[in-house]
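Here is how the chains run, residue by residue.
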Amino acid sequence: MEIKITRAATLKEKPDSSTLVFGQSFTDHMFIVDYYAGKGWQDARIVPYAPLQIDPAAKVLHYAQEIFEGLKAYRTADGSVQLFRPMDNIRRMNASAERLSLPQVPEDLALAGITELVKLEQDWVPSEEGTSLYIRPFIIGVDPALGVHSSHHCQYIVIVCPVGAYYPEGLAPVKIYVEDEDVRAVKGGTGMAKTGGNYAASLRAGDRAEAKGYTQVLWLDGVHRKYIEEVGAMNVMFKVDGKILTPDLNGSVLDGITRRSCIQLLKDWGYEVEERRISAEELFEAAKKGTMEEAWGTGTAAVVSPIGELAEGDEKVIINNNQIGEITQKLYDELTGIQWGRTADPHGWIMKL
Ligand SMILES: *Cc1c(COP(=O)(O)O)cnc(C)c1O
């Protein structure tokens, strides 16, 4: 499909890379394509970045019919720009769309929306250490009607924004609180889809954890309220007694691409990785016995985020003396090495633009 480009009349001033705040300054253009049931996708276009015109009755605003993705474009030492596993994001986007009764975006169209926009905005890809261009594709249902029904008119949109180094002062361990009241998702619900509703339901617990002095919550499963699922909006891994433990993809855990990449690297390095049900109790016991060696979250924004403290009610345990662990650091170095093109890419994860 041809993409029609309308250039912005004036270009914005690019922000200083050292003061970038995540997700606040967007580039000059955005990609949009419309879908009409019975007609398919049409009118793919790159237009000046601007507020959307949608009806106040649009389904997305009332019934949260939306899904999104998050990936990054990286500037390498030779000045070129590359993406990390973009087809994995596109396939997950279509899996999320299926769950939310949104239309499938043909993979070539989904990818072209990303690559053509990033190519047009390539001067916005920063080059300072640790910086990148964050890419946010999303699909919304915009029918102007309040009846509860899936939308006939949908839009696939891509916006991009330069983002700073996630850890300008090095990887500092975070404090995590086990959430025992709210749940993020249940099997049969939308936990495996990357959809805004999951985030809306998670905000209160995040606010409460912050008020107690914690960075994020550790989510428990919605049925037994016993087994751990994710940490904040990241997947989570533990090194216990030499083995790596991570919750299995049970229908309420998001299939993270960083999670997938970490599992592959850990297996390459000869670690045993157990994807299974893990109770919070098992983790606290390991910590008390001294077999809990490392803990970390995984996600595109931070890559890995070391966990230094875990608390539930009045109980708390410190992990690895509140220091980043050896494997956590090694995963961070290897993944960021591949993403910024400093390290070989044996699994073919990089797509050059
Ligand atoms: C996006 C996301 C993740 C991490 O996925 P990545 O593909 O690694 O960025 C984990 N959990 C939730 C709930 C998410 O939305």
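Here goes a summary of the coordinates provided. (Residues numbered from 1 in each chain as written. Predicted model: local features only at pLDDT ≥ 70, side-chain atom pairs only at ≥ 80, totals over all residues. Heavy atoms only, no water.)

1. Here we look at the site of the ligand
Around the ligand, a shell composed of 14 residues is seen, among which K194, Y199, E230, T258 and T300 lie nearest. Taking Y199, its side chain carries an N or O atom lying 2.5 Å from an oxygen atom of the ligand. Between the ligand and E230 there is a distance of 2.4 Å, counted from a nitrogen atom to a side-chain nitrogen or oxygen. In the complex, the protein chains occlude 96% of the 380 Å² of accessible area that the ligand would expose alone. Here the ligand is seated within the largest pocket. Of the residues that constitute the shell around the ligand, the class distribution is five nonpolar, five polar and four charged. (Near = heavy atom within 4 Å. Polar contact = N/O pair within 3.5 Å; in protein donor to acceptor, adjacent residues only side chain to side chain. Areas by Shrake-Rupley, 256 points an atom, 1.4 Å probe, with all protein chains shown as cover. 1 Å grid on protein atoms, 1.4 Å probe; cavity = no way out; pocket = protein on both sides within 12 Å on 5 of 7 lines; lining within 4 Å. Sits in = over half its atoms within 2 Å of the grid points. Nonpolar A, V, L, I, M, F, W, Y, C, P; charged D, E, K, R; others polar.)

2. Here we look at empty space enclosed by the protein
Under the defined criterion, the tally for this structure stands at one cavity of 30 Å³ or more. Taken as a whole, the largest cavity holds about 80 Å³ of empty space. Lining the largest cavity, in full, are G70, L71, K72, Y74, F84, N89, I257, T258, T300 and Q339. Looking at the lining of the largest cavity, the elements with two or more residues in it are β5 (71-75) and α5 (257-268). It is β5 that provides the largest number of residues to the lining of the largest cavity, a total of three residues. Partitioned by chemical class, the residues of the lining of the largest cavity number four nonpolar, five polar and one charged. Lining the lining of the largest cavity are residues from two domains, each supplying at least three of them: domain 1 (4-163) and domain 2 (174-339). (Points joined across faces, edges and corners; volume = space filled by probe spheres on them. Helix = DSSP H or I, 4+ residues; strand = E, 2+ residues; numbered from the N terminus. Domains from an automatic or database assignment.)

3. A few points about the nonpolar core
By size, the foremost hydrophobic cluster in this structure holds 35 residues, and its most contacted members are F31, I114, I135 and Y156. When contributions to this core are tallied by element, the ones reaching two or more residues are β2 (29-36), β3 (40-48), β5, β6 (81-84), α2 (86-99), α3 (107-120), β7 (132-141) and β8 (153-163). A per-element tally of this core places α3 first, with six residues. Every residue in contact with I114, bar those within four places of it in the chain, is listed here: L71, L83, I90, I135, P137, Y156 and V158. (Core = buried A, V, L, I, M, F, W, Y, C linked by side-chain atoms within 4.5 Å. Buried < 20%, exposed > 50% of the residue type's maximum accessible area, 1.4 Å probe, protein only. Contact = heavy atoms within 4.5 Å.)

Functional significance is not addressed by these values, which are geometric in nature.
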